[in-house]
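# Structural overview for review
One-letter residues, chain by chain:
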Amino acid sequence: MPTNSLSDARCKAAKPTDKPFKLFDGGGLFLWVSPKGAKIWRTAYRIVGKQQTISFGPYPDVTLAEARAKRDELKAKLREGEDPSGKTEDAKPKLFKDVVSAYWEGREDVTPSYRSNALRGIEMHLYPTLKEEPINNITLDDLLNALRIMDAKGLHVYVRKVRMWVSQVFEWAVENRYVEENLAAKIKSEKAFGKTRVKNFAAVDLKEVPNLMSRLTLEDQNLQSILACKLLALTWVRTTELRLMEWSEVNVEERIWRIPEGKMKRRKDHLVPLSKQALEILEKMKARSRGSKYVFAAEHRLDRPMSENAILYLLHRIGYKGKMTGHGWRSVGSTWANENGYNRDAIERQLAHSPEDKTRAVYNRAEYLPLRTKILQDWADWLDMTIQDNCKDLSGTITIQ
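Residues numbered from 1 in each chain as written. Predicted model: local features only at pLDDT ≥ 70, side-chain atom pairs only at ≥ 80, totals over all residues. Heavy atoms only, no water.

## What to know about the overall build of the protein chain
For clarity, the threshold we go by: Think of it this way: any DSSP run of H or I at least four residues long counts as a helix, any run of E at least two long counts as a strand, and we number them from the N terminus. Only protein chains enter the accessibility calculation, which uses a 1.4 Å probe. A residue is then buried if its area is under 20% of the maximum for its type, exposed if over 50%, and partly exposed in between. Whether two residues are in contact is decided by their heavy atoms, any of which lying within 4.5 Å being enough.
Across its full length, the protein chain holds 17 helices and seven strands. Looking at the protein chain residue by residue over its 401 residues, the buried ones come to 45%. Put simply, of all contacts in the protein chain between residues at least 6 apart along the chain, 60% involve residues at least 24 apart.

Here you go:
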């Protein structure tokens, strides 16, 4: 095989597949690409008749030129009768913090927010005891004890996420020959950690919506929290997605709000049709935007979105503590649409619950937008009607047309 057959452009362009594969440069050197996108320099050689493989580190941290130089150094040692195993720079013990950083900074297949959450979880809960430890010195008990500190604090759900995130780090470390095995994979969460009773986001019954909407009308209609709560009801988005809503994402002419993939749980943009009632709220917010990029900016910091608890505090104040949350509008809207016979797939797509079947997901994006537009407009009109009917009942008057 010819030597130096790879190019930097080819290394950069290599994309992960369902199975790991190798790009050969010659002289035993190859770039190993994992299904998750990790790219590792390795060189195969023989000593005393036995096949050996040594890792030179991840690409692009170790460049193509550097990998070739390491290969040539290895070949020189072999010619002198020296076993290069364990004597390269890459074989030195790697600190836990360095391996964590190298792995997650290389995960370009996930959203920035997911990467940030994973790093923060590991840093907050595992770094206090494991940060400066060589990763190959960490024992199963060390890792389990660090995770059990979280579990003892009642973080029964979150500890499972941190275990999953650190397991991915150890899996990558195994492939890099930093450790012999994935210790985190040995920890069975269902046996090692406690369990928290699952609590759904509080949501009122559909029959209670008229009273809730009427109660909201008694508040100052210029309050940002009121407008935000109403827009949440009209769009069925998550509270965080509404808080981070930016003017650049709104197309008034097309009556569409495009939420970028980085703000979604799933790695794809989400289109939210805007009813005429939603557009009216946005018009009010535009008039008071004060130049912030956020539709709902913090009252005293235009560079930040509104408080994550603003809508929840509003609902508490008007008597719905423990009965309703901002997220609850998703459940209420979904219930109304299903009870009124709208297409179930369209409803799920509006909630950003994309099907796992890729062909079906493409169909949803292509065909369901007009139907989702109708669903949200009909829903907005129904909310208006409930307010009018409820006010008539409360006033005791009867209007004959």
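## A short note on the layout of surface pockets
Using a probe with the size of a water molecule, rolled over the atoms, empty space left in the structure can be pinpointed. Here is the rule we go by: Residues are said to line a cavity or pocket when one of their atoms sits within 4 Å of a point; the points come from a 1 Å grid over protein atoms alone, cavities being sets where a 1.4 Å probe fits but cannot get out and pockets being open sets with protein on both sides within 12 Å along at least five of seven lines. Grid points are joined across faces, edges and corners, and a volume is the space filled by probe spheres set on the points. Residues are grouped as follows: Ala, Val, Leu, Ile, Met, Phe, Trp, Tyr, Cys and Pro are nonpolar; Asp, Glu, Lys and Arg are charged; every other residue, Gly included, is polar.
By volume, the second largest pocket amounts to about 600 Å³. Lining of the second largest pocket is provided by 21 residues; of these, G37, Y59, P60, G106 and E108 occupy positions nearest its centre. Counting residues per element, the ones that place at least two in the lining of the second largest pocket are β3 (39-47) and α3 (96-105). With three residues, the top contributor of residues to the lining of the second largest pocket is α3. Here the residues of the lining of the second largest pocket sort into ten nonpolar, two polar and nine charged.

## A short note on the side chain of Q377
Inspection of the secondary structure assignment puts Q377 in helix α17 (residues 369-395). Its relative accessible area of 15% is what places Q377 among the buried residues. Residues within four places of Q377 in sequence aside, it is in contact with R255, S275, K276 and Q277.

## Here's the deal with the pattern of salt bridges
Rules: Throughout this description, the term salt bridge denotes a Lys or Arg side-chain nitrogen within 4 Å of a carboxyl oxygen of Asp or Glu.
Within this structure, the stated rule accounts for 15 salt bridges. Close ionic contact of D72 with R71 constitutes a salt bridge, the shortest N to O distance being 3.3 Å. The salt bridge partner of R301 is D303, with a shortest N-O separation of 2.8 Å. A single salt-bridge network, built from bridges that share partners, covers D25, R68, R71 and D72.

## Observations regarding unusual backbone geometry
Following Y59, the chain continues into P60 via a peptide bond in cis, with omega recorded as 10°. Topologically, P60 is positioned in the loop between β4 (50-58) and α2 (64-79). At W236, a position not held by glycine, the phi torsion is positive, near 65°. Relative to the assigned elements, W236 resides in the loop between α10 (224-235) and α11 (239-243). Residue classification places W236 among the buried positions, given a relative accessible area of 0%. Although it is not a glycine, R290 adopts a positive phi angle of roughly 60°.

## Focus: the sheet that holds strand β6 (residues 256-259)
Put simply, the rule reads: Whether two strands pair comes down to DSSP finding at least two bridges between them.
The sheet built from three strands is open, its strands ordered β5-β6-β7 with antiparallel pairing. Each end of this open sheet is capped by a strand with a single partner; those strands are β5 (250-251) and β7 (270-273). Sheet topology places β5 next to β6; two bridges connect them, and they run antiparallel. Opposite V250, over in β6, you have W257 as the bridge partner.

## Overview of the nonpolar core
Proteins that are soluble and globular tend to have nonpolar side chains buried together. Inclusion rule: Nonpolar cores are built from buried Ala, Val, Leu, Ile, Met, Phe, Trp, Tyr and Cys residues. Side-chain atoms within 4.5 Å join them into one set.
In this structure, V209, L212, L242, L282, F296 and W329 are the most contacted members of the largest nonpolar core, which totals 56 residues. When residues of this core are traced back to their parent elements, those giving at least two are α9 (209-217), α10, β6, α12 (276-287), α13 (310-317), α14 (328-339), α15 (344-350) and α17. It is α10 that contributes the most residues to this core, eight residues altogether. Among all residues touching W329, those that are not within four sequence positions of it are V209, L212, M213, C229, L232, A233, W236, M324 and W379. Residues F30, Y103, M150 and F193 belong to the second largest nonpolar core, which totals 37 residues.

## Notes on a negative patch on the surface
What counts here: Like-charged residues are merged into a patch within 9 Å and nonpolar side chains (Val, Leu, Ile, Met, Phe, Trp, Tyr) within 5 Å, provided each residue has over 30% relative accessible area and no salt bridge. Only the protein chains shown count as cover for residues, with accessible areas throughout obtained via the Shrake-Rupley method and a probe of 1.4 Å. The sign given to each residue is positive for Lys and Arg and negative for Asp and Glu; His and the chain ends receive no count. Just so you know, the charge point we use is NZ for Lys, CZ for Arg, CG for Asp and CD for Glu.
Judged by side-chain charge, E280, E283, D381 and D384 come together as a negatively charged surface patch. Residue assignment for the negative patch shows that the elements contributing at least two residues are α12 and α17. The residue D384 is located in helix α17 in this model.

## Some words on the environment of A337
In this fold, A337 is placed in helix α14. Owing to a relative accessible area of 0%, A337 belongs among the buried residues under this scheme. For A337, the residues in contact, after removing those within four places along its chain, are W236, Y342, I347 and I375.

## Quick word on the confidence of the model for the protein chain
Low-pLDDT stretches of the model should not have their predicted coordinates read in fine detail. We apply this condition: pLDDT expresses, on a scale from 0 to 100, how confident the predictor is about each individual residue.
Residues with a pLDDT of 70 or more make up 87% of the protein chain, whose mean pLDDT is 84. Taken element by element, the predicted model of the protein chain shows its lowest mean pLDDT in helix α16 (residues 358-367) (46) and its highest in β5 (95). Taken as a whole, residues 87-91 scores under 50 in pLDDT and shows twelve contacts with residues more than four places along the chain or in a different chain. Note that residues 356-366 has pLDDT below 50 and, in this model, twelve contacts with residues that lie over four places away or in other chains.

## Let's talk about the packing of helix α4 (residues 112-125) against helix α7 (residues 156-175)
Basically, it comes down to this: To get an axis, a line is fitted to the C-alpha atoms, and for a helix only the part in contact is used. The angle between two axes follows their N-to-C directions and goes from 0 to 180 degrees. Reported orientations rely on four angle classes, namely roughly parallel under 35 degrees, roughly antiparallel over 145, roughly perpendicular from 65 to 115, and oblique for the rest.
Two elements in contact, α4 and α7, have axes separated by 9 Å at closest approach and are oriented at 100°. When the axes of α4 and α7 are compared, the pair comes out roughly perpendicular. In this structure, α4 uses Y114, N117, A118, G121, I122 and H125 to contact α7, whose residues at the interface are Y158, V162, M164, W165, V166, Q168 and V169. Residue composition of the contact of α4 with α7, by class: nine nonpolar, four polar and no charged.

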